[in-house]
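# Structure at a glance
So the chains spell out like this:
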Amino acid sequence: MFSEATSGAVDYERIREITNSLVPFGRFVGVDITEVGPDRAVVEIPAARNLTNHLGTVHAGALFLAADIAGAAALAGALAPRLARVEYTVVRDARSTFRKPAVGRVRAIATVDEREARRVLASTAAEQFDLDSKALLYDDADVLVAKFRFDYACSIAAS
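Everything in this summary refers to the structure shown in the same document. (Residues numbered from 1 in each chain as written. Predicted model: local features only at pLDDT ≥ 70, side-chain atom pairs only at ≥ 80, totals over all residues. Heavy atoms only, no water.)

### Looking at the nonpolar core
Side chains of nonpolar character tend, in soluble globular proteins, to be buried together. Grouped together as the largest cluster of nonpolar side chains are 45 residues, with contacts concentrated most on Val43, Ile45, Leu137 and Phe148. Discounting chain neighbours no more than four positions away, the residues touching Phe148 are Leu63, Phe64, Ala67, Arg95, Ser96, Phe98, Ser133, Lys134, Ala135 and Leu137. (Core = buried A, V, L, I, M, F, W, Y, C linked by side-chain atoms within 4.5 Å. Buried < 20%, exposed > 50% of the residue type's maximum accessible area, 1.4 Å probe, protein only. Contact = heavy atoms within 4.5 Å.)

### Looking at the layout of surface pockets
Space inside the largest pocket adds up to approximately 380 Å³. The set of elements that each furnish at least two residues to the lining of the largest pocket consists of helix 2 (12–22), helix 4 (60–78) and strand 3 (86–98). Here the lining of the largest pocket takes six residues from strand 3, the largest share from any one element. (1 Å grid on protein atoms, 1.4 Å probe; cavity = no way out; pocket = protein on both sides within 12 Å on 5 of 7 lines; lining within 4 Å. Points joined across faces, edges and corners; volume = space filled by probe spheres on them. Helix = DSSP H or I, 4+ residues; strand = E, 2+ residues; numbered from the N terminus.)

### Some words on the pattern of salt bridges
Going through the model one piece at a time under the given rule, you end up with twelve salt bridges. Of the charged contacts in the structure, one is a salt bridge between Arg16 and Glu13, with a shortest N-O distance of 2.7 Å. Of this pair, Arg16 and Glu13 both sit in helix 2, three residues apart, roughly one helical turn. Glu13 sits in the partly exposed class, given a relative accessible area of 40%. Residue Asp93 pairs with Arg95 through a salt bridge whose shortest N-O separation is 2.3 Å. Judged by relative accessible area, which is 38%, Arg95 ranks as partly exposed. A network of salt bridges, in which partner residues are shared, links Glu44, Arg105 and Asp140. (Salt bridge = Lys/Arg side-chain N within 4 Å of Asp/Glu carboxyl O.)

Written as structure tokens, this is what we have:
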């Protein structure tokens, strides 16, 4: 699936398009991956009544979904040169810190552990590895509303 976007020069826009179509639940909710690059990914969830809680603020589950998809998209961008060889990624652990209620559209900006990503990219071996990601979530007023950390368990085939 990703081989067309990663053979030769990496096409991050194509990786974004493919990744945007991968999670049916994300599409159902309206999650939009707006950016994928080697250093970060950006995801937006819309200002929508069906994503709010009883107080009218964005539901914690919607925030988690945005952070989760942003983290996975950041992982795809960071591992792009070997992305077609990734066999699986699984969230082993997730931690969240909610700072204040989110209102309206939310952007999740995610990055991964650059040192581990560089190490995996420098290798051609098959291996299982861990990769950490963090996502910072901002509401419509550009206020930091939550922080998430993900611990991914990954497997990659030999190149």
